[in-house]
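For reference, the chains in residue letters:
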Amino acid sequence: MFQGCSALTLDAKGRMSIPTRHRDALVSQVEGRLTLTRHPDGCLLVYPRSVWEKKREQIAAFPMQARPLQRLLLGNALDVDMDGSGRILVSPELRAAAGLTREVMLLGMGSHFELWDSAEWARREAEDLAKGMPEVLETFSF
(Lines give C-alpha, C1' and ligand atoms only; values in the text may rest on other atoms or scores of the structure.)
Protein backbone atom coordinates (compact mmCIF):
# COMPACT_ATOMS: atom_id res chain seq x y z
CA MET A 1 0.00 0.00 0.00
CA PHE A 2 1.38 3.34 -1.05
CA GLN A 3 0.56 6.39 1.02
CA GLY A 4 1.82 9.88 1.69
CA CYS A 5 2.83 12.73 -0.56
CA SER A 6 6.24 13.65 -1.93
CA ALA A 7 7.28 16.95 -3.45
CA LEU A 8 9.47 16.09 -6.43
CA THR A 9 11.18 17.85 -9.30
CA LEU A 10 11.14 16.85 -12.95
CA ASP A 11 14.56 17.25 -14.57
CA ALA A 12 15.10 18.86 -17.98
CA LYS A 13 14.41 15.52 -19.71
CA GLY A 14 11.14 14.95 -17.80
CA ARG A 15 12.54 12.35 -15.41
CA MET A 16 11.63 12.11 -11.75
CA SER A 17 13.06 10.06 -8.93
CA ILE A 18 10.71 7.69 -7.18
CA PRO A 19 11.01 8.31 -3.42
CA THR A 20 13.19 5.75 -1.67
CA ARG A 21 10.37 4.63 0.63
CA HIS A 22 8.40 3.46 -2.44
CA ARG A 23 11.30 2.49 -4.67
CA ASP A 24 12.28 -0.65 -2.76
CA ALA A 25 8.73 -1.97 -2.77
CA LEU A 26 8.34 -1.27 -6.49
CA VAL A 27 11.61 -3.00 -7.32
CA SER A 28 10.76 -6.08 -5.27
CA GLN A 29 7.10 -6.29 -6.37
CA VAL A 30 7.27 -5.37 -10.07
CA GLU A 31 11.01 -5.04 -10.84
CA GLY A 32 10.54 -1.26 -11.18
CA ARG A 33 8.06 -1.62 -14.04
CA LEU A 34 5.30 0.98 -13.98
CA THR A 35 2.51 2.26 -16.20
CA LEU A 36 1.51 5.91 -16.45
CA THR A 37 -1.77 7.19 -17.85
CA ARG A 38 -4.08 10.16 -17.66
CA HIS A 39 -6.80 10.65 -15.06
CA PRO A 40 -10.06 12.55 -15.76
CA ASP A 41 -9.24 14.93 -12.87
CA GLY A 42 -6.19 16.24 -14.74
CA CYS A 43 -3.38 14.38 -13.02
CA LEU A 44 -1.47 11.28 -14.08
CA LEU A 45 -1.96 7.84 -12.61
CA VAL A 46 1.15 5.79 -11.85
CA TYR A 47 0.51 2.07 -11.44
CA PRO A 48 2.81 -0.83 -10.64
CA ARG A 49 2.63 -2.86 -13.86
CA SER A 50 0.90 -5.88 -12.31
CA VAL A 51 -1.81 -3.68 -10.79
CA TRP A 52 -2.24 -1.84 -14.11
CA GLU A 53 -2.65 -5.12 -16.01
CA LYS A 54 -5.67 -5.96 -13.86
CA LYS A 55 -7.09 -2.45 -14.23
CA ARG A 56 -6.51 -2.56 -17.98
CA GLU A 57 -8.69 -5.67 -18.24
CA GLN A 58 -11.47 -3.95 -16.27
CA ILE A 59 -11.25 -0.82 -18.42
CA ALA A 60 -11.26 -2.82 -21.66
CA ALA A 61 -14.50 -4.50 -20.52
CA PHE A 62 -16.33 -1.18 -20.01
CA PRO A 63 -19.55 -0.84 -22.03
CA MET A 64 -19.56 1.15 -25.27
CA GLN A 65 -20.96 4.22 -23.45
CA ALA A 66 -17.60 4.48 -21.64
CA ARG A 67 -15.56 4.69 -24.85
CA PRO A 68 -14.31 8.24 -24.06
CA LEU A 69 -12.98 7.05 -20.69
CA GLN A 70 -11.36 4.02 -22.33
CA ARG A 71 -9.63 6.33 -24.81
CA LEU A 72 -8.38 8.53 -22.01
CA LEU A 73 -7.08 5.68 -19.84
CA LEU A 74 -5.96 3.08 -22.36
CA GLY A 75 -5.08 5.40 -25.22
CA ASN A 76 -2.66 7.35 -23.05
CA ALA A 77 -1.15 4.46 -21.10
CA LEU A 78 2.63 4.27 -21.30
CA ASP A 79 4.83 1.55 -19.80
CA VAL A 80 8.02 2.81 -18.15
CA ASP A 81 10.84 1.18 -16.22
CA MET A 82 12.77 2.70 -13.35
CA ASP A 83 16.42 3.21 -14.22
CA GLY A 84 19.30 2.24 -11.94
CA SER A 85 18.91 5.52 -10.06
CA GLY A 86 15.20 4.94 -9.37
CA ARG A 87 14.03 7.48 -11.96
CA ILE A 88 11.21 7.22 -14.48
CA LEU A 89 10.68 9.25 -17.63
CA VAL A 90 7.36 11.04 -17.96
CA SER A 91 6.77 11.48 -21.69
CA PRO A 92 6.31 14.99 -23.12
CA GLU A 93 2.75 14.07 -24.16
CA LEU A 94 1.75 13.01 -20.65
CA ARG A 95 3.52 16.00 -19.07
CA ALA A 96 1.60 18.34 -21.38
CA ALA A 97 -1.72 16.56 -20.82
CA ALA A 98 -1.41 16.91 -17.02
CA GLY A 99 0.14 20.38 -17.13
CA LEU A 100 3.25 19.13 -15.34
CA THR A 101 6.01 21.67 -15.08
CA ARG A 102 9.10 21.31 -12.95
CA GLU A 103 7.59 20.95 -9.46
CA VAL A 104 5.27 17.96 -8.97
CA MET A 105 3.53 16.10 -6.15
CA LEU A 106 3.39 12.31 -5.99
CA LEU A 107 0.50 11.05 -3.85
CA GLY A 108 0.32 7.47 -2.62
CA MET A 109 -3.26 6.28 -3.14
CA GLY A 110 -3.07 2.71 -1.86
CA SER A 111 -2.44 0.49 -4.86
CA HIS A 112 -1.16 3.29 -7.11
CA PHE A 113 -0.05 6.93 -7.21
CA GLU A 114 -1.37 10.21 -8.55
CA LEU A 115 1.12 12.66 -10.05
CA TRP A 116 0.08 16.33 -9.98
CA ASP A 117 1.62 19.63 -10.95
CA SER A 118 2.41 21.14 -7.52
CA ALA A 119 0.56 24.41 -8.09
CA GLU A 120 -2.49 22.63 -9.48
CA TRP A 121 -2.47 20.17 -6.57
CA ALA A 122 -2.38 23.03 -4.03
CA ARG A 123 -5.27 24.77 -5.79
CA ARG A 124 -7.28 21.56 -6.07
CA GLU A 125 -6.69 20.56 -2.46
CA ALA A 126 -7.79 23.99 -1.18
CA GLU A 127 -10.90 23.83 -3.39
CA ASP A 128 -11.78 20.33 -2.17
CA LEU A 129 -11.31 21.28 1.49
CA ALA A 130 -13.47 24.38 1.05
CA LYS A 131 -16.34 22.17 -0.17
CA GLY A 132 -16.50 20.35 3.15
CA MET A 133 -16.66 16.66 3.80
CA PRO A 134 -18.85 14.41 1.65
CA GLU A 135 -21.85 12.69 3.12
CA VAL A 136 -20.13 9.31 3.00
CA LEU A 137 -17.81 10.45 5.81
CA GLU A 138 -20.64 11.04 8.26
CA THR A 139 -20.14 7.54 9.65
CA PHE A 140 -16.33 7.71 9.66
CA SER A 141 -14.36 8.70 12.76
CA PHE A 142 -10.80 10.03 12.54
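Each remark here, short or long, concerns the structure printed above.
Read on for a plain summary of the structure. Sequence order sets the numbering: in each chain, residues are counted from 1 along the sequence as written. The model is predicted, so local features are restricted to residues of pLDDT at least 70 and side-chain atom pairs to those at 80 or more, both for listing and for counting; the totals for chains, interfaces and linings are taken over all residues. Calculation of side-chain values draws on the structure's entire complement of heavy atoms; hydrogens and water are dropped beforehand.

### Points about the overall build of the protein
Logical step 1: The helix and strand labels rest on DSSP assignments: H or I over at least four residues marks a helix, E over at least two residues marks a strand, and numbering proceeds from the N terminus. The secondary structure content of the protein amounts to 5 helices and 8 strands.
Logical step 2: N-terminal to C-terminal, the α/β element order of the protein is β-β-α-β-β-α-α-β-β-α-β-β-α.
Logical step 3: Taken over the C-alpha trace, the protein has a radius of gyration of 16 Å; the compact-globule value for 142 residues is 14 Å, and the two agree within 12%.
Logical step 4: Seen along its three principal axes, the alpha-carbon backbone of the protein occupies a region of about 45 × 35 × 30 Å.
Logical step 5: Each residue's exposure class comes from its accessible area (1.4 Å probe, protein chains only) as a fraction of the maximum for that residue type: buried when under 20%, exposed when over 50%, partly exposed otherwise. The proportion of buried residues among the 142 residues of the protein is 39%.
Logical step 6: Contacts are assigned to residue pairs that have any heavy atoms within 4.5 Å of one another. When contacts within the protein are restricted to residue pairs at least 6 apart in sequence, those whose partners lie at least 24 apart make up 58%.
Logical step 7: Positive and negative charge centroids in the protein, built from 18 and 19 side chains respectively, lie 5 Å apart. For this measure, only C-alpha atoms enter the radius of gyration; the expected value for a globule follows 2.2 Å times N^0.38, where N is the number of residues. The positive count covers Lys and Arg only, the negative count covers Asp and Glu only, and His and the chain ends enter neither. A single reference atom marks each charge: NZ on Lys, CZ on Arg, CG on Asp, CD on Glu.

### Some remarks on unusual backbone geometry
Logical step 1: You will see that Glu 31, though not glycine, has its phi angle at about 55°, which is positive.
Logical step 2: Along the chain, the position of Glu 31 falls in the loop between α1 (20–30) and β3 (33–38).

### Some remarks on the packing of helix α2 (residues 49–60) against helix α3 (residues 67–75)
Logical step 1: In the contact formed by α2 and α3, the axes pass within 10 Å of each other and the chain directions differ by 155°. Classed by the angle they form, the pair α2 and α3 counts as roughly antiparallel. Handedness of the crossing formed by α2 with α3: left-handed. In this structure, α2 uses Trp 52, Arg 56, Ile 59 and Ala 60 to contact α3, whose residues at the interface are Gln 70, Leu 73 and Leu 74.
Logical step 2: Put simply, Ala, Val, Leu, Ile, Met, Phe, Trp, Tyr, Cys and Pro go in the nonpolar bin, Asp, Glu, Lys and Arg in the charged bin, and everything else, Gly too, in the polar bin. Split by residue class, the contact of α2 with α3 holds 5 nonpolar, 1 polar and 1 charged. Whenever a helix is involved, its axis is fitted only over the stretch in contact; in every case the axis is a line through C-alpha atoms, and angles between N-to-C directions fall within 0 to 180 degrees. Angles are sorted into four bins: roughly parallel if under 35 degrees, roughly antiparallel if over 145, roughly perpendicular if 65 to 115, and oblique for all others. Should the near helix be turned anticlockwise from the far one by less than a right angle, the crossing is termed left-handed; should it be turned clockwise, right-handed.

### Brief notes about the sheet that holds strand β5 (residues 78–81)
Logical step 1: Note on pairing: DSSP must find at least two bridges between two strands before they are called paired. Read across the sheet, 6 strands follow the order β1-β7-β8-β4-β3-β5 without closing on themselves; strand pairing throughout is antiparallel. The open sheet has two edge strands with one neighbour each: β1 (2–9) and β5. Taking each pair of neighbouring strands and ignoring which way they run, the sheet shows an average axis angle of 25°.
Logical step 2: Pairing of β3 with strand β4 (residues 44–48) involves 5 bridges; the strand directions are antiparallel.

### Comments concerning the pattern of salt bridges
Logical step 1: Here a salt bridge means any side-chain nitrogen of Lys or Arg lying within 4 Å of a carboxyl oxygen belonging to Asp or Glu. A full pass over the atoms with the stated rule returns 10 salt bridges.
Logical step 2: When the shortest N-O distance is used, the salt bridge between Glu 103 and Arg 102 registers 3.9 Å.
Logical step 3: Residues joined by salt bridges that share partners form a network here, namely Asp 41, Arg 124, Asp 128 and Lys 131.

### A word on the nonpolar core
Logical step 1: Counting 22 residues, the largest nonpolar core has Met 16, Leu 26, Leu 34, Ile 88, Val 90, Leu 100 and Leu 115 as the members making the most contacts within it.
Logical step 2: Secondary-structure elements contributing two or more residues to this core are β1, α1, β3, β4, β7 (103–110) and β8 (113–117). By nonpolar core is meant a set of buried Ala, Val, Leu, Ile, Met, Phe, Trp, Tyr and Cys residues that side-chain atoms within 4.5 Å join together.

### Here's the deal with the state of the cysteines
Logical step 1: Disulfides are defined as cysteine sulfur pairs within 2.5 Å. For the structure shown, the criterion picks out 0 disulfides.
Logical step 2: We note that Cys 5 lacks a disulfide partner, and the nearest cysteine sulfur, in Cys 43, lies 14 Å from it.
Logical step 3: Assessed through its relative accessible area of 2%, Cys 43 is described here as buried.

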